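Read off the chains here:
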Amino acid sequence: MIYIFTGAGMAADSGLPTFRDTGGLWENYDINQVCNFPRFIKEQNIRDLTFQFYNERKLQYAVAKPHAGYLAIAELQQQQPVKVITTNIDLLHEAAGTAGVLHLHGRVDQMSCAQCYHYWDIANHVFEPGECVACGSAMVKPGIVFFGEMAPEYEALHWLIEDLKSTDTFVIVGTSLNVVNPIAMIRSAGKSPQIIFIDKNIPAAAKAHGVVCMEETAEVGLLKWINAINQS
């Protein structure tokens, strides 16, 4: 089984800005305000700012196109079992044709309820205040995990790691490992799949534990790695 874990660096190769890099989104927004769950609950102006922020993201994501690395993953999934996990909220994996993507931090086409944690699809509609379709609460938000909020899909990632076998391959692409570190999680669980790390900036946390590091952009590195396994 092949598992592919993608972060912001994957989407960056399709022209979407990252959050933390130089020139990233957090240089233009205060993370103590935008996407701050406790303040979203308490302060109307923070709610307004957060809706504005994610509607801007939605416009960006609507015009982005999956690069060749995304397409290669989708094609690989047609040939053998591939599970994709991503911290990204865009739908570029789905646009490329990949099925069953696990979105750890939510999706740009969903709303959620801060009271009952129900999620529902809104497709291309803008994020806007309203009522929860499940419980009727007026405390609704973009279906994206904020700072200080529970991340419901982390449990799914935990059980996925628990099921890893030594014959599996776990590929990590385009992430700093600062928010979610699957390498540490895998080793802490006592699992020993082959781990491949692809990023143009290899973090120190990846340079250990027998991880094979490819210092490439997400698109280039994925194409090289998939080409190599197709020829093996």
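It should be emphasised that the depicted structure is a prediction, and the values quoted were computed from it without experimental measurement. (Residues numbered from 1 in each chain as written. Predicted model: local features only at pLDDT ≥ 70, side-chain atom pairs only at ≥ 80, totals over all residues. Heavy atoms only, no water.)

Oppositely charged side chains can form a pair if their charged atoms are brought close together. Tallied over the full model, the rule gives 6 salt bridges. Among the salt bridges present, the one from arginine 39 reaches glutamate 43, with a minimum N-O distance of 2.9 Å. Its relative accessible area of 24% is what places glutamate 43 among the partly exposed residues. As a salt-bridge pair, glutamate 216 and lysine 224 come within 2.6 Å of each other at their nearest N and O atoms. (Salt bridge = Lys/Arg side-chain N within 4 Å of Asp/Glu carboxyl O. Buried < 20%, exposed > 50% of the residue type's maximum accessible area, 1.4 Å probe, protein only.)

Here we come to the side chain of asparagine 36. Here asparagine 36 shows up in the loop between α1 (8-12) and α2 (37-42). Setting aside residues up to four positions removed in sequence, asparagine 36 forms contacts with Ile31, Phe146 and Phe147. (Helix = DSSP H or I, 4+ residues; strand = E, 2+ residues; numbered from the N terminus. Contact = heavy atoms within 4.5 Å.)

Right, let's talk about the UniProt feature "binding site: Zn(2+)" (unreviewed entry) in the chain for a bit. Following the UniProt record, one finds the feature "binding site: Zn(2+)" (unreviewed entry) at Cys113, Cys116, Cys132 and Cys135. Look at the named residues: they lie 23 residues apart in sequence, but the longest C-alpha span between them is just 8.6 Å, so in the fold they bunch up. Structurally, the position occupied by cysteine 113 is in strand β4 (residues 106-113). Note that cysteine 132 resides in the loop between β5 (119-121) and β6 (140-144). With residues near it in sequence (within four places) discarded, cysteine 132 still touches Cys113, Cys116, His118, Trp120, Ser137 and Val140. (UniProt positions renumbered as here; feature names shortened; annotations may be inferred.)

Take the nonpolar core next. In this structure, Ile4, Tyr54, Ile73, Phe127, Val173, Ile198 and Trp225 are the most contacted members of the largest nonpolar core, which totals 47 residues. With residues up to four places along the chain from it excluded, the contact list for isoleucine 73 reads Ile4, Met10, Val82, Val84, His93, Thr98, Leu222 and Ile226. Formed by 20 residues, the second largest nonpolar core is a distinct cluster that contains Phe5, Ile85, Ile186 and Ala206. (Core = buried A, V, L, I, M, F, W, Y, C linked by side-chain atoms within 4.5 Å.)

Another aspect to go through is the UniProt feature "active site" (unreviewed entry) in the chain. Here, UniProt's "active site" (unreviewed entry) annotation points to His105. With respect to the helices and strands, the residue histidine 105 is situated in the loop between β3 (102-103) and β4. According to the relative accessible area criterion, histidine 105 is buried, its value standing at 13%. Beyond its immediate stretch of four places on either side in the chain, histidine 105 contacts Thr86, Thr87, Ile89, Gly143, Ile144, Val145, Tyr154, Val179 and Val180. At a separation of 3.5 Å, a polar atom in the side chain of histidine 105 contacts the main-chain carbonyl oxygen of threonine 87. (Polar contact = N/O pair within 3.5 Å; in protein donor to acceptor, adjacent residues only side chain to side chain.)

Here the focus is helix α6 (residues 154-162). Within the span of α6, buried status applies to Leu157, Leu160 and Ile161. Each buried residue of α6 lies within a common arc of 95 degrees when the element is viewed along its axis, so the set occupies one face. At its buried positions, α6 is contacted by β1 (2-6), β2 (82-86), β3, β7 (169-173) and α7 (182-188). (Arc of directions from axis to C-beta.)

Taken together, the 3 strands give an open sheet; going across it, the order is β5-β4-β6, and neighbouring strands pair in antiparallel fashion. Each end of this open sheet is capped by a strand with a single partner; those strands are β5 and β6. The average angle at which neighbouring strand axes cross in this sheet is 45 degrees, direction not considered. Of the strand pairs in this sheet, β4 and β6 are connected by 4 bridges, and their pairing is antiparallel. When the sheet's bridge partners are listed, methionine 111 is paired in β6 with proline 142. The strands touched by helix α3 (residues 44-63) within the sheet are β4 and β6, with β6 carrying the most contacts at an inclination of about 40 degrees. (Pairing = 2+ DSSP bridges. Axes fitted to C-alpha atoms, helices over the stretch in contact; angles between N-to-C directions.)

The next point concerns the environment of glutamine 33. Along the chain, glutamine 33 turns up in the loop between α1 and α2. Classification of glutamine 33 as partly exposed rests on a relative accessible area of 28%. Between the C-alpha atom of glutamine 33 and that of leucine 222, which follows or precedes it by 189 residues, the distance is 35 Å. If sequence neighbours within four positions are ignored, glutamine 33 has contacts with Arg39, Ile46, Leu49 and Thr50.

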